[in-house]
Amino acid sequence: MIKGDMKQYVAEEYRGDIIYKSLLPKVKLSAMTLNTHLATVDVPLKELLEVERAFLEVGIRSLRERFLWRLKLDGVPVSREFKPNSSINLRGMYYSRAVYDVTPILRRCKRADRLGIMVKYVDSDHIYLEHLGLLLFAPSQDVSSYISFLSGAIGFEPSSECEVNLSYPGNSARELHLITYMPGPYSRLHIIFNDEDVGVIGGHSGTEEHVLKVSNIRRENKLKLIYASAPMTTLMNEAVLFTVLMKHALFKEPKLVLKEVIEPQVIGERKMRLVIANEGLSKPDAALLTLIYLGTPIHRADVPELKPGEEALVEVPLNLNKGTYQLVVRLVWRKATKTSFNEERITISL
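Because the structure is predicted, anything quoted here is derived from the model rather than measured.

Conventions and cut-offs
Residues numbered from 1 in each chain as written. Predicted model: local features only at pLDDT ≥ 70, side-chain atom pairs only at ≥ 80, totals over all residues. Heavy atoms only, no water. Core = buried A, V, L, I, M, F, W, Y, C linked by side-chain atoms within 4.5 Å. Buried < 20%, exposed > 50% of the residue type's maximum accessible area, 1.4 Å probe, protein only. Helix = DSSP H or I, 4+ residues; strand = E, 2+ residues; numbered from the N terminus. Contact = heavy atoms within 4.5 Å. Phe/Tyr/Trp six-rings, centres within 6.5 Å; stacked < 30°, edge-to-face > 60°. Lys NZ or Arg CZ within 6 Å of the ring centre and 35° of its normal. Pairing = 2+ DSSP bridges. Axes fitted to C-alpha atoms, helices over the stretch in contact; angles between N-to-C directions.

Draft legend 1. Main features of the nonpolar core. By size, the foremost hydrophobic cluster in this structure holds 30 residues, and its most contacted members are Val-58, Trp-69, Val-102 and Leu-106. Elements with a contribution of two residues or more to this core: strand E2 (27-30), strand E3 (36-42), strand E4 (53-62), strand E5 (67-73), strand E8 (93-101), helix H1 (103-108), strand E9 (114-121) and strand E10 (126-156). Ranked by residues supplied to this core, first place goes to E10 with five residues. Setting aside residues up to four positions removed in sequence, Val-58 forms contacts with Trp-69, Leu-71, Ser-96, Arg-97, Ala-98, Tyr-100, Leu-129, His-131 and Leu-132.

Okay, structure coming up:
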C-alpha cells in the first residue's frame, strides 16, 4: 500500500542554465533546546547577470502537520507558518514537503557566491529539518536546458510499489535525481525507468539524495519504484519518496586555445607575448590565463573578451633568471555555470 502524491512543478525547455543545489541538514529543532539552523548554499550568483526564477524546497519530519516557524532566505522572510504542499502520516509522524517561489527575493538580493537559509522553530514539540533544495533559472542565449521537477511525499509500506508519471520536454538526459527517506540500511527501493532497470537505492538510514544514470528518454515517462524491506524491530519500516528531478543542458561552448608564443626578443626584456584565440561557438562570460612553473602559478591575467574566431595578444611578465624553462599555460573560462579549461606546455629561453 502507498500513500501521498507528487506534484510536477516544472516541465519545460528553458533558454538558459538551471542550477539545483541540495542540502541534507538532518537536524532536530526544538523550542526548548536548539531552535535555529542556518544553512549556506554555494551558488554562482556573483557571476550571473540575472535570476529569472527561483524555488526553495523544504523537507520536514514532524509530529504535527502545521506549526509556527521562521523561514528566511538571504535574510528576507519567506514563511511564518509551515503549510506543506504535500504531507503523509506514517505511524504518527508527518513527512512533509513545501515548495516556495522565492523569485522576488533572489532578484533583489546582493550578488554573492553564498546564500543563507535560516530555519527557526518557535512552536511546541520538535521537528526534524531533513532537506533543503534551491532551484535557480539563469537566462542565457547560449544555453538550452530541459528540466522536469517533481516534489511531494509518497510513502511505501513493505512489498508495495508505485508509478510516477514524469513529463520531460527533451529527449536527452543523463541523470535522474531522487531524494528519499529510508528507515534502515536493509531496506531497498528498486528503480525502473521506462521499463529499464536503472538501479537499487538502499544501504542507509534517513534522508539521502541519489543520482542514477538514465537513457531511453521520452516526452512522457514512467518511473516505477518497488519497495522491499527486511524484517525490522523498529516501529517504522516505511520508505518515503520526496523529490524527482531530471535535467540536461546543451551549451554553445567557447574554446580558448594558445595560438602562438612570442618569446622576448631584446636582451634584458622579461615579457612573453601569447596569442590567444577563441575557436568555440560563443564568447566566454569570464576567462583567466595562468602561467605555471614547477607546479606553482607565477602569473595570472584576465583574458580579453573574445567572440568566436577572434584573437588577442596577452603580455606576461617573466620574473625569471636567464635560462631555459618549461612552463604550463592554462586557460580557464566560464560559460553560465560551466567552467572549462585548456592547457599547453611550452619551452622558452631567456
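Additional details are given in the paragraphs that follow.
Draft legend 2. Structural context of the packing of aromatic side chains. Under the criterion given, the structure shown has eleven aromatic pairs. For the pair Tyr-9 and Phe-149, a centre-to-centre distance of 5.9 Å together with 40° between the ring planes defines the contact as tilted. You can see Tyr-9 sitting in strand E1 (residues 2-23) and its partner Phe-149 sitting in strand E10, a full 140 residues away along the chain. Here Tyr-9 falls in the partly exposed class, since its relative accessible area comes to 22%. Since its relative accessible area comes to 1%, Phe-149 is described here as buried. Between Phe-156 and Tyr-227 the ring centres are 6.4 Å apart and the planes differ by 50°, which places this aromatic pair in the tilted class. Residue Phe-156 is located in strand E10, and its partner Tyr-227 is located in strand E16 (residues 220-228); the two are separated by 71 residues in the primary sequence. For Phe-156, a relative accessible area of 0% translates into the label buried. We classify Tyr-227 as buried; its relative accessible area is 1%. Ring-pair connections join several aromatic residues into one group, and the members of that group are Phe-67, Trp-69, Phe-82 and Tyr-121. Here Arg-53 stacks its cationic end above the ring of Phe-137, 4.2 Å away from the centre of that ring. Directly above the ring of Tyr-128 sits Arg-61, whose terminal nitrogen or CZ lies 4.3 Å from the centroid.

Draft legend 3. Molecular detail of unusual backbone geometry. The backbone phi angle of Ser-159 is positive, close to 65°, even though this residue is not glycine. Among the secondary structure elements, Ser-159 is positioned in the loop between E10 and strand E11 (161-167). On the basis of relative accessible area, Ser-159 is assigned to the exposed category, the value being 72%. Despite not being glycine, Asn-194 has its phi angle at roughly 50°, a positive value. Its place among the elements puts Asn-194 in the loop between strand E13 (188-193) and strand E14 (196-202).

Draft legend 4. A look at the sheet that holds strand E18 (residues 256-262). A sheet is described by the order of its strands in space; here three strands give the open sequence E18-E19-E22, paired in antiparallel fashion. Only two strands of the sheet have a single neighbouring strand rather than two, namely E18 and strand E22 (311-317). If you compare each strand with its neighbour and ignore which way they point, the axes differ by 30° on average. Of the pairings in the sheet, the one linking E18 to strand E19 (residues 271-278) comprises six bridges and is antiparallel in character. If you follow Val-257 over to E19, its bridge partner there is Ala-277.

Everything listed here is a matter of geometry and, on its own, says nothing about what the molecule does.
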